[in-house]
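Fold and geometry: a report
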Amino acid sequence: QVQLVESGGGLVQAGGSLRLSCAVSVLTFRPYAMAWFRQPPGKERSFVGSIIWSDGNTDYVDSVKGRFTITRDNAKNTMSLQMSSLKPEDTAVYYCVSTPVQLMRYTNYAAYSYWGQGTQVTVSS
């Protein structure tokens with residue numbers, strides 16, 4: 001059974017950096033795409049960014065462009081989210097998701113097949 005395990009969350013000051021990782025538990029599972037979503041306190045869960053596993057092509061929500069970078073490590077079957085210039089509004093629980101097939105829209109959380117438990121990121125002002 002495929003499981004996604006996030007790590008790397010924590011508390012950071014505004015302007016700082018943090019790196020999240022998402023490990024796929026089954027090494028033989030090759031996703032078509034993976035993504036990060038986040039859910040701030042009292043708000044809806046929303047798309048952060050995605051990566052196509054085969055070519056590394058990425059997409060991001062406008063609010064994180066230039067500050068967040070998604071990468072993948074094929075050998076370790078992990079995805080990372082490097083976050084810099086963090087702002088208090090980036091505070092949220094961050095979730096990684098994965099799909100073995102191509103999707104119509106990678107911004108749709110429910111369309112993915114596997115979801116992690118989430119990791120808390122708190123940015124203090």
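Throughout what follows, the structure given in this document is the object of discussion. (Residues numbered from 1 in each chain as written. Predicted model: local features only at pLDDT ≥ 70, side-chain atom pairs only at ≥ 80, totals over all residues. Heavy atoms only, no water.)

1. Overview of the sheet that holds strand 8 (residues 78–83)
Taken in spatial order, the 4 strands line up as 1-3-8-7 in an open sheet, and their pairing is antiparallel. Each edge of the open sheet is held by one strand with a lone partner, namely strand 1 (4–7) and strand 7 (68–73). Sheet twist, expressed as the average angle between the axes of neighbouring strands with direction ignored, equals 15°. As paired elements, strand 1 and strand 3 (residues 18–24) share 4 bridges and run antiparallel to each other. Paired with Leu4 across the bridge in strand 3 is Val24. (Pairing = 2+ DSSP bridges. Helix = DSSP H or I, 4+ residues; strand = E, 2+ residues; numbered from the N terminus. Axes fitted to C-alpha atoms, helices over the stretch in contact; angles between N-to-C directions.)

2. Digging into the packing of aromatic side chains
Scanning all chains against the criterion turns up 6 aromatic pairs. Summarising the aromatic geometry, the rings of Phe37 and Phe47 are spaced 5.6 Å apart at their centres and angled 75° between planes, so their arrangement reads as edge-to-face. Of this pair, Phe37 sits in strand 4 (residues 33–39) while Phe47 sits in strand 5 (residues 46–52); the two residues are 10 residues apart in sequence, bridging distant segments of the chain. The exposure classification of Phe37 matches that of Phe47, with both residues buried. For the ring pair Tyr95 and Tyr109, a centre distance of 6.4 Å and an interplane angle of 75° mean the geometry is edge-to-face. Here Tyr109 lies in the loop between strand 9 (92–99) and strand 10 (114–115) and Tyr95 lies in strand 9, a separation of 14 residues in the sequence. By relative accessible area, which is 12% here, Tyr95 ends up buried. These aromatic residues form a ring-pair network of at least three members: Phe37, Phe47, Tyr95, Tyr109, Tyr112 and Trp115. The lysine or arginine in question, Arg45, covers the ring of Tyr95, its NZ or CZ lying 4.2 Å from the ring centre. (Phe/Tyr/Trp six-rings, centres within 6.5 Å; stacked < 30°, edge-to-face > 60°. Buried < 20%, exposed > 50% of the residue type's maximum accessible area, 1.4 Å probe, protein only. Lys NZ or Arg CZ within 6 Å of the ring centre and 35° of its normal.)

3. Focus on the nonpolar core
One recurring pattern in soluble globular proteins: nonpolar side chains tend to sit buried together. Core analysis: the largest hydrophobic core is formed by 26 residues, its most contacted members being Met34, Trp36, Phe68, Met79, Leu81, Met83 and Tyr94. Those elements giving two or more residues to this core turn out to be strand 3, strand 4, strand 5, strand 7, strand 8, strand 9 and strand 11 (119–124). With 4 residues, strand 3 is the single largest residue contributor to this core. Residues in contact with Tyr94, not counting those within four places in the same chain, are Glu6, Leu20, Trp36, Phe37, Arg38, Val48, Phe68, Leu81, Met83, Gly118, Thr119 and Val121. Formed by 11 residues, the second largest nonpolar core is a distinct cluster that contains Ala35, Ile52, Tyr95 and Tyr112. (Core = buried A, V, L, I, M, F, W, Y, C linked by side-chain atoms within 4.5 Å. Contact = heavy atoms within 4.5 Å.)

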